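Listed here are the chains, written in short residue letters.
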Amino acid sequence: MSQPILVAEALSSGYGKFQVLFDVSFRVYENEILAVVGPNGSGKSTLLKTVFGLTTIYSGSVIYRGRDITRLPPYVKARIGVAYLPQTDNVFAELTVKENLLMAAYTLEESEARDRIEEVLNLYPVLKERLSYKARSLSGGERQMLALAMTLVRRPDIIMLDEPTANLAPVVARHLLKKISMLRDEMKKTIVLVEQNARAALELGDRALLMVSGRVSYEGPSESLLQDVELGKRYLGLR
Amino acid sequence: MMLVLPSTEYLIYSIAYGSSLALLCMGLTLTYMVTKVPNFAHATLAITGSAVTLLLIDRIYHVFYLEGGASSLGKTPYYTLYLIAPISAFLIVGLVALIQYLLVLRPLSSRGVGVIGLMIATLAFDIILVNILTLTLYLMPTAYFGKLIGPSLKGFDVSVSALGISTSFSRLALPVIAVTLAIALHLFLTRTKFGVSLRAAIENPDLARVLGINVDLAYMTSWFIAGGLAGASGALYIFMVENFKPAVASLVIVSVFAGSILGGLGSIYGALLGGFLVGVTETFVVVLIQNILAAYGLPITLTHYQRLFSLLIVIVMLLLAPQGLTGLISRVGRGGR
Amino acid sequence: MVDSLLGIFTLTDVLDLIIITVVVLALNLMAGYAGIPNFGMAVFVFIGAFILAGVGTRIALLLASYVDPGFIDTLGREHAFIALKYSGSLRDLVLYGVAGDPVVNRIATPGLEAIISQDLILSIILLVIVFGLAIIVGALTGIIASFAATRLKEDYLAIALLAFSEMMVTVVFDQTDSLAGGPNGAWVVRPWPSVLENAIKPVTPTGVSPDLMIALIVGLLTLLLCILYAERIANSPMGRMLRAMRDDDLAISVYGRDVALTRLKVMAVGAAIASIAGAIYATIHSPVKAIDYNRFDWTFTPWAMMILGGVANNWGVILGAITIYTGKRLIHFYMPGLLTTLTPILEIVSRFAVPLVLVTILVILLLVTLHPRAKSSTMKRLITYTIIGLGGSIVLVVILSISIKAILDNIDIVRAITLNIFVGLIILLVLYLKPQGIIPEKPSKTLSRKELEEIQTKSYKEKAPNPYKTTLDTQSEEV
């Protein structure tokens, strides 16, 4: 097993005074997909936000490649390779696809920006066709791909995705999930995937994290979780 | 039918007035998009541009003509003034608008003052600005500047005659400058990385920040540009009016609001269109209707009521179609969804 | 002018203070309790004034010619042009002349007033009609505004109300001569019976007109009633609920109909009160001109007073009104003297203007370089304030010293300007120092579809914020 690229230790966090996570610890290993599943309101989204620095952290720490990044502001985290992709508002709706990618590459030098955008467009050819369209005229799936593309422009090491397939038609969702697995297989990225659709996430993921009421209920191979009928039924609506 | 149409000269004036309003509306919409607050001081910013122009031209006139005896230079310096005036007004008023953002709107907004409170703050800034302006113009030493309240720069306005039409240079310059600035703004906002980042920062500042965009710089630049547009508008507008008084801004602001609201407060191009439409309506259309009524034997003077039209536009638009024309157009475009 | 309280308030000033306090209380009812950001307060005040000037004079003429049919002929005989222009036609005079024609208006109103006040019945009729109409029209306008409030979100509502006020006062009224004289305005016929005037005489100081005394008493009564009503609203369960729910759209929409009805009532009463205040004001400040009911004096200044005192706090608002008004009077009274005393000092300063400015610039530059190196944010803020304060005051002093002569030459204008700037600065200062709870949200009657969806998707207390938005603690906000 490779080294853990990200380690969360005893994280307790919330929004202002409203605590959501209670003493949460987990690890993410290099080049794996960690599926984060659990019932509604269990703190899955908050987990990602906490790692990225968008919540109030009461205690605990986040270690990334051996470095304590707990208190770093989000834009610094983005710069050093930790990417966070929320479910909504993840693109600039009024800007064109091309402009969105340009903004994603904002801090990069011009030639490098050009190369990376080219790279990313080759990964998602459908975006190439829509370059001059405003992001709001894209379909749901296309928009998520644009958001993903924008993240990839910055060559992150670890990408945290918050329910990327929500509100997407099943066909489109499957397509998106395939693209995500490509990120692990072909681009050697590390992915933390929060999903409402537990079965799909667990099938895709290598390891799984089960969140219940703000605490970690299970951390281990996703296969085992899939087969644990008891847990599956109780928390995930799996039959 | 031809008797009913106002003269071509008036049409030219109307287009010029519409252009100056269009500039003002673009700036107002820009500041609204950034701070989500309608800036009541916007027209006063324009008047500041007028004042700057007045001071500049008056001083240059004194230096070159009265004292320097350079009357032999003829009209040429006048034409350069048409360039110098809007540029300096752009820069200075842009700075004033930036000050309004930095000293009033940003601190109050970060303190959690709501929309209404911020609106009142802009009203307060408006009061203070217009009064400082009036004070400055009153106190300028007459020996140095000449009397500055109530004069007109019309005397400086070069008259132009062609094709049997006699008008003045400022009325021709205004639409040209308005279109130029609009195009420049469009290019800036769509073709430059920094310009695109402004749009991004306005739309989704949190995402922009994560991407490393300096959102605060974007906001400051937007306000500077908006102020600059207002200043340029005021700089040329002053050539068209008699009897300049800073207080006139409190009358114009309603027309600016009307134009921005008509165009839709989320679109700069809407503002351009809306401002122009309101300007032309207030002048040309009003006179047209007046003439039509007179032709039918109802001689009512409607020109006194020209502001009534913009005020009605404000109220009607807000009640019926607050998203403005651009909102309606995009709704139709999307198939009424 | 009789010097009265503290040497800076004449009795007319006292009346003005009473009236503006009533207006501010009414505004407080509208904005603080009914939650309507009324940027068009001026029009509500103006309604009462207009009814007195535009309608009252016409009614007075009708009443007078009923009692004294020869009145018009007498008028025509004394002023030939009236006979010529109106050919003794009562109809023309009522429809246009007495209110719309400034000349006729000026001539006729004293005579009308004399006739009306002699007859108790007539003056009561006029009184009831004028004030009754003021109340009714005012209340109706308030109700209309209340309906507009349900359709528009708060900033649009504020703009709409402002536009409406401007339209009615500065365009329609100001430009239409036939209503009440247009820009020249119209003199009023005061509806006070002579019985009242005689009763007042004992308490009237010398040199003060009985009309002023009556206005003062009526004004005080109105103020009292206003306070009683406002306090009743404040302390009622409904009032407390209105205040508590001001910022909570969800709660408001849940309670729905009852709240909406109370809001309507509060708006109507507030508007009616403002209207009465305007009418009382107009009895003393004749002629009634649109420019005297401008948005600075009657919308903006009341807002300043209300914000200073604390929104939805009746006694605070009264205190705010007194404070600002007194401040204005003090400035008005003492500024010229103060400037004259300062002149010699300023003259000395003006000689050192240039070095003074240079030194200040150096100091500011020094502070600017220190700013990024400051250790704490309080230090940074202190430096920023010092820069602004120092820079501002030096600029002020230098400008003052250079232009002191010009200022003293134009002292009236300068004083008026200072008063305006004073009010503006107060607003900014108050907003800066206590930004909380300034303005209530707009009430909504039912939940829109969007709001329902938001409720459904809400997992936590806050509305779905932008997902990239940091909570306050984790990232330092730029000031």
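Treat the numbers as computed from the prediction; the structure is a model and nothing was measured.

### Description of the overall build of chain A
For chain A, the count of helices and strands is ten helices and ten strands. Taken over C-alpha atoms, the radius of gyration comes to 17 Å for chain A, in line with the 18 Å a tight globule of 239 residues would show. Going through the 239 residues of chain A one by one, you find that 56% of them count as buried. Residue pairs in contact within chain A that sit at least 24 positions apart in sequence constitute 68% of those at least 6 positions apart. Accessible area of chain A: about 10,300 Å², with a carbon and sulfur share of 48%. In chain A, which carries 31 positive and 28 negative side-chain charges, the distance between the mean positions of the two groups comes to 3 Å.

### Structural notes on the sheet that holds strand 6 (residues 82-85) of chain A
All names here are of chain A. The strand order 6-7-8-3-9-10 describes an open sheet built from six strands, whose pairing is mixed. Edge positions in the sheet fall to strand 6 and strand 10 (215-221), since each of these pairs with one other strand and no more. In this sheet, neighbouring strand axes are inclined to one another by 15° on average, regardless of whether the strands run parallel or antiparallel. The pairing of strand 3 (residues 33-37) with strand 8 (residues 190-194) spans four bridges and is classified as parallel.

### Here we look at the side chain of Ser165 of chain C
Residues and elements named next belong to chain C. Mapping Ser165 onto the fold places it in helix 8 (residues 154-175). Only 3.4 Å separates the side chain of Ser165 from the backbone nitrogen of Val43, close enough to count as a polar contact. Once residues within four sequence positions are removed from consideration, Ser165 is found in contact with Gly40, Ala42, Val43 and Thr170.

### Here we look at unusual backbone geometry
In this chain, Ser286 of chain C is followed by Pro287 of chain C through a cis amide linkage whose omega measures -10°. In this fold, Pro287 of chain C is placed in the loop between helix 14 (257-284) and helix 15 (295-309). Despite not being glycine, Asp23 of chain A shows a phi value in the positive range, around 55°. Note that Asp23 of chain A resides in strand 2 (residues 18-29). Residue Asp23 of chain A is classed as exposed on the basis of its relative accessible area, which comes to 53%. One non-glycine residue, Ser213 of chain A, lies in positive phi territory at about 50°. Judged by its relative accessible area of 54%, Ser213 of chain A falls in the exposed class.

### Describing the domain arrangement of chain A
All names here are of chain A. Considered domain by domain, chain A is made up of domain 1 (1-81 + 156-239) and domain 2 (88-155). Each of domain 1 and domain 2 has a C-alpha centre, and the two are 24 Å apart. At the junction of the two partners, domain 1 supplies 16 residues and domain 2 supplies eleven residues. Of the roughly 1,200 Å² buried at the junction of domain 1 and domain 2 (both faces included), carbon and sulfur atoms supply 76%.

Reading the values: the criteria
- In this numbering scheme, every chain counts its residues from 1 along its sequence in written order.
- Each chain gets a letter, beginning with A, and each ligand a number, beginning with 1, in the order they are written.
- Restriction of local features to residues with pLDDT of at least 70 applies here, the model being predicted, together with a cutoff of 80 or more for giving and counting side-chain atom pairs; totals for whole chains, interfaces and linings are based on all residues.
- Only hydrogens and water are set aside; all other atoms, that is, all heavy atoms of the structure, feed into the side-chain values.
- Secondary structure follows DSSP: runs of H or I at least 4 residues long count as helices, runs of E at least 2 residues long count as strands, and numbering of each begins at the N terminus.
- Here the globule rule is a power law, 2.2 Å times the number of residues to the power 0.38, and the radius of gyration is based on C-alpha atoms.
- Each residue's exposure class comes from its accessible area (1.4 Å probe, protein chains only) as a fraction of the maximum for that residue type: buried when under 20%, exposed when over 50%, partly exposed otherwise.
- Residues count as neighbours in contact if any of their non-hydrogen atoms are within 4.5 Å of one another.
- Here the Shrake-Rupley method, with its probe set to 1.4 Å, supplies the accessible areas, and only the displayed protein chains count as covering residues.
- Only four residue types enter the charge count, namely Lys and Arg as positive and Asp and Glu as negative; His and the chain termini do not.
- Each charge is placed at NZ for Lys, CZ for Arg, CG for Asp and CD for Glu.
- Here a strand pair is declared whenever DSSP counts at least two bridges between the two strands.
- With axes taken as lines fitted to C-alpha atoms, and helix axes fitted only over the stretch in contact, angles between N-to-C directions fall between 0 and 180 degrees.
- Counted as a polar contact is a pair of N or O atoms within 3.5 Å, where, for protein atoms, one must be capable of donating a hydrogen and the other of accepting one, and residues adjacent in sequence contribute only when both atoms are in side chains.
- For every domain, the bounds stem from an assignment made automatically or drawn from a database.
- Here the quantity called buried area is the accessible surface, traced with a 1.4 Å probe, that two parts lose on coming together, added over both.

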